[in-house]
Amino acid sequence: MVMGLARSFRRRRSTLLFSLVLLLLLLGGAYYFGFFNVTTSSLAQYSVRYLRYQHYKQTEAYREGPGEKGEPVYLEGEEKKLADSLIEKEAFNRIASDKISLERSLKDVRDPRCKSIVYPSDLPKASVVIIFHNEAWSPLLRTAHSVVNRSPPQYLQEVILLDDFSDKDFLKEKLEQYIAATWPDGIVRLVRTQERSGLIRAKVAGAKAAVGDVLVFLDSHCEVNTGWIEPILSRIKEDPTAVLCPEIDLIDKDTLQYAGTGSYSVGGFWWSLHFSWRPVPKRESLRRKSEIDPIRSPTMAGGLLAADRNFFFEIGAYDPGMDVWGGENLEISFRVWMCGGKLEFIPCSRVGHIFRSSHPYTFPGNKDTHGINSMRLAEVWMDDYKRLFYTHRKDLLGTDYGDISERKELRKKLNCHTFKWYLDNVYPEKFIPDENVKAWGMVRNPDSGICLDTLQRDEKTVFDVGMFSCQNGGSASQVFSLTLTNELRREEACLDSSGQDGSRVSLRPCTGQQNQKWIHDKSKNTIVHQASGKCLDTGGQKSGDNVVVNTCSENGNQKWTMQHYLDK
Ligand code: LR7
Ligand code: MN
């Protein structure tokens, strides 16, 4: 009897132990697969999503059809004709896009080293906000599908399609039905604004609707690539004050080919407050330990970014006074750096974007929203340096840019650094045309009254420098600086000469080489090309022509004065 009791106790004890171990294993397994992160959807729905995610991952490499693996699509015959007839309106090849599966496969374009990084398993959850106004069907839904298919479900809180008051029919019930049928678990949801907000207020509306720990914004014509979200979430977990951008890959607007970026760059800006890509500065390459470490960037392009949700609102989200398009990318860049955050590009996170040739939507009131939004940003964030913006945009002076008192208040409340601090510490490469130079302004030939002029040529390219009647009211295309190291330059490019008699002078990327050095003799009013000893010469030409170098003479064509001298 006693023996029997003891045996059954032992048996019960071992059953108990066994159940405990099983429970622990189950809990461990559930933890491992991230089940405890599930808050909004039921466990069953979550499991279905997880299986779908795994299935896509395992079958991606075997998908076949037009555009799969990110290959280009070339159209022929009637289809090509139709595509060509639409391209002006849509600003990209919609017919090619419509032929490609909404769940197409992509080549993994990451640096191979990215694949061996092991990220923590308890990452914050992301709300991905995709803003759109009258976006075409296939790019919009391909964006959403790519996010759901390529984000581990335990890290994806939701995908918010934020409709900024589109008026296209297919974006009404048809879109609602498609979403309900495709994602019955509600992982993708549609939020609509009640009026046309413009992309800046639309982003804020999306952020407000979101409940995830991390906000990720995307344009509505993107495709996220393998492993895109883990490095972002992991970096934000490590440092919630880091605002991050994926590396932006190119999706060709004509063939929809998904191509990698090639080389990494950082964001800069022109004093006209347009965004520019710049090579990664040497100091930044030295600071980083590996090619795949986050890259600090002075600015961002704007569309594709991630931030800790609380931090995003703490530092002031976006300026709600900005309309439709433009300027918010530099505004948030300056603000993040000046107010205690940082901006980084994440090489292991890759997202493609269709770069369209124009905006396939209206600008209500036909306003220059980039110009006016930039005024707001210059007035709030750039201190005295706003003068350099207005050099380019004299036309804007006196334009009503609305009330900026709340943004100024924000800057005070956050106790932000000055713009000079930003230039000195974040973007020391940025050339300031009228500081630490020998002279700047118009380079004038007194006899003829003509000045060096870029003739509005595209300064992202190499071109010959021209001349034009001096614009005494001031024209940005006539501003040149003579630097302390004797370069005669613009924001990004230097005057360069071969030194041949009669040869044109061109503007090229600055190299610091002798053929870009110019000695200005203020008493003789000459500008001499140091390497060849030749003189800058109008060649007797007039407005609209190109400037040259020639053997020095006493000729009036070789006399030059600069508008402002900073050296005594
Ligand atoms: O009124 C509008 N409401 C909107 O919701 C106008 C636009 N939009 C949506 C639109 O559907 C799209 O999804 O806003 C998004 C951006 O508009 P695009 O694609 O016409 O802009 P873009 O790609 O030409 O412009 C870049 O600069 C903008 C400046 O305001 C924004 O920051 C964009 O997000 C930004 N895009 C990128 O940075 C993607 C990478 C390009 C590069 C380099
Ligand atoms: Mn875009």
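Residues numbered from 1 in each chain as written. Chains lettered and ligands numbered in written order. Predicted model: local features only at pLDDT ≥ 70, side-chain atom pairs only at ≥ 80, totals over all residues.

As recorded in an unreviewed UniProt entry, the chain goes by Polypeptide N-acetylgalactosaminyltransferase and comes from Biomphalaria glabrata. Heading Pathway (unreviewed entry) of the UniProt record for the chain holds this comment: "Protein modification; protein glycosylation." UniProt, in the comment section headed Cofactor (unreviewed entry), describes the chain in these words: "Mn(2+)". (UniProt positions renumbered as here; feature names shortened; annotations may be inferred.)

Asker: So, the overall build of the chain: which residues are in play, and what are the values?
Answerer: Within the chain, the secondary structure is distributed over 15 helices and 25 strands. Principal axes of the C-alpha set define a box for the chain whose edges measure 125 × 60 × 45 Å. Considering only contacts in the chain between residues 6 or more positions apart, those separated by 24 or more positions represent 75%. (Helix = DSSP H or I, 4+ residues; strand = E, 2+ residues; numbered from the N terminus. Contact = placed C-beta atoms within 7 Å.)

Asker: Account for the pairing of strand β21 (residues 518-521), naming residues and giving values.
Answerer: Residues Trp518 and His520 point to one face of β21 and are all buried, whereas Ile519 and Asp521, pointing to the other face, are not buried. The pairing of β21 with strand β22 (residues 526-529) spans 4 bridges and is antiparallel. Bridge pairing links tryptophan 518 to histidine 529 in β22. As consecutive antiparallel partners, β21 and β22 are separated by 4 residues, and within that stretch asparagine 525 has a phi angle of approximately 55 degrees, a positive value. (Buried ≥ 20, exposed ≤ 12 C-beta atoms within 10 Å, placed from the backbone. Pairing = 2+ DSSP bridges.)

Asker: For the environment of proline 72, give the residues involved together with the corresponding values.
Answerer: Its place among the elements puts proline 72 in the loop between α2 (43-59) and α3 (77-90). The class of proline 72 is partly exposed, set by 14 C-beta atoms lying within 10 Å. It is 44 Å that separates the C-alpha atoms of proline 72 and glutamate 379, two residues lying 307 residues apart in sequence. Proline 72 has contacts with Asp252, Thr255, Leu256 and Gln257, leaving out every residue within four places of it along the chain.

Asker: An account of the UniProt feature "domain: Ricin B lectin" (unreviewed entry) in the chain is needed here, citing residue identities and associated values.
Answerer: The residues that UniProt annotates with the feature "domain: Ricin B lectin" (unreviewed entry) are residues 439-563. Helix makes up 0% of residues 439-563 and strand 38%, and the two end C-alpha atoms of the span are 7 Å apart.

Asker: Give me the lowdown on helix α5 (residues 137-150), citing residues and values where you can.
Answerer: With 14 residues, α5 should cover 20 Å at 1.5 Å per step; its first-to-last C-alpha distance of 20 Å lies within 8% of that length. Burial of α5 is extensive: 12 of the 14 residues sit out of reach of the surface. By the burial criterion, the buried members of α5 are Pro139, Leu140, Leu141, Arg142, Thr143, Ala144, His145, Ser146, Val147, Val148, Asn149 and Arg150. (Expected span 1.5 Å × (residues − 1).)

Asker: Can you break down the pairing of strand β20 (residues 506-509) residue by residue, with the values?
Answerer: Judged from the 2 bridges that link them, strand β15 (residues 463-464) and β20 form a sheet pairing that is antiparallel. Its bridge partner being in β20, aspartate 464 is matched across the sheet by serine 506. Sheet analysis places strand β19 (residues 493-496) next to β20, joined by 4 bridges and oriented antiparallel. Paired with alanine 493 across the strands is proline 509, a residue of β20.

Asker: Give me the site of ligand 1: which residues, what numbers.
Answerer: The local shell around ligand 1 holds 23 residues, among which Asp164, Leu199, Ala301, Gly302 and Gly303 are the closest. Listed by contribution, the elements that provide at least two residues to the shell around ligand 1 are β1 (126-132), α7 (198-209) and α11 (328-338). Take the shell around ligand 1: its biggest share by element is 3 residues, from α7. Of the residues that constitute the shell around ligand 1, the class distribution is 10 nonpolar, 9 polar and 4 charged. (Near = placed C-beta within 6 Å. Nonpolar A, V, L, I, M, F, W, Y, C, P; charged D, E, K, R; others polar.)

Asker: If you had to explain the packing of α11 against helix α12 (residues 369-381) to someone new, which residues and values would you point to?
Answerer: For the pair α11 and α12, interaxial distance at closest approach is 9 Å and the crossing angle is 15 degrees. When the axis of α11 is compared with that of α12, the two are roughly parallel. Our pair here, α11 against α12, has a crossing hand that is left-handed. Residues Glu328, Leu330, Glu331, Phe334, Arg335 and Met338 of α11 lie in contact with α12, whose contacting residues are Asn373, Leu377 and Trp381. (Axes fitted to C-alpha atoms, helices over the stretch in contact; angles between N-to-C directions. Parallel < 35°, antiparallel > 145°, perpendicular 65-115°, else oblique. Left-handed = near helix turned anticlockwise from the far one by under 90°.)

Asker: Which residues make up unusual backbone geometry, and what values do they have?
Answerer: For asparagine 436, which is not glycine, the phi dihedral falls at a positive 50 degrees. By secondary structure assignment, the location of asparagine 436 is in the loop between α15 (419-425) and β13 (437-445). The exposure class of asparagine 436 is exposed, given the 10 C-beta atoms found within 10 Å. One non-glycine residue with positive phi stands out, namely asparagine 486, at about 65 degrees. Within the secondary structure, asparagine 486 is located in the loop between β17 (480-483) and β18 (488-489).

Asker: An account of the confidence of the model for the chain is requested, with residue identities and associated values reported.
Answerer: Per-residue confidence for the chain gives a mean pLDDT of 93, with 92% of residues at or over 70. As scored by the predictor, the complex reaches a pTM of 0.91 and an ipTM of 0.98. (pLDDT = per-residue confidence, 0-100.)

Asker: Report on the nonpolar core, specifying residues and quantitative values.
Answerer: One finds Val129, Ile130, Val159, Leu215 and Val216 to be the most contacted residues of the largest nonpolar core, which totals 87 residues. Apart from residues no more than four positions distant in its own chain, valine 159 is found in contact with Val128, Ile130, Ala144, Val147, Val148, Ile187 and Val188. (Core = buried A, V, L, I, M, F, W, Y, C linked by C-beta atoms within 7 Å.)

Asker: Account for the environment of serine 543, naming residues and giving values.
Answerer: Its location among the elements puts serine 543 in the loop between β23 (535-537) and β24 (548-550). Along the primary structure serine 543 and aspartate 521 are separated by 22 residues, whereas in three dimensions their C-alpha atoms are 24 Å apart. Once residues within four sequence positions are removed from consideration, serine 543 is found in contact with Ile450, Met467, Phe468 and Ser469.

Asker: Help me get a handle on α11, residues and values and all.
Answerer: Of all 11 residues making up α11, 11 are buried, and the element is well covered by its neighbours. Along α11, the residues that are buried comprise Glu328, Asn329, Leu330, Glu331, Ile332, Ser333, Phe334, Arg335, Val336, Trp337 and Met338. Trailing α11 by a residue or two, glycine 340 shows a phi angle of about 100 degrees, which is positive.

Asker: Could you give an account of the environment of aspartate 163, naming the residues involved and the relevant values?
Answerer: Residue placement: aspartate 163 occurs in strand β2 (residues 156-163). Distance from aspartate 163 to proline 298, taken between C-alpha atoms, is 30 Å for residues 135 residues apart in sequence. Not counting residues up to four positions away in its chain, the partners in contact with aspartate 163 are Phe132, Leu171, Leu190, Arg192 and Thr193.

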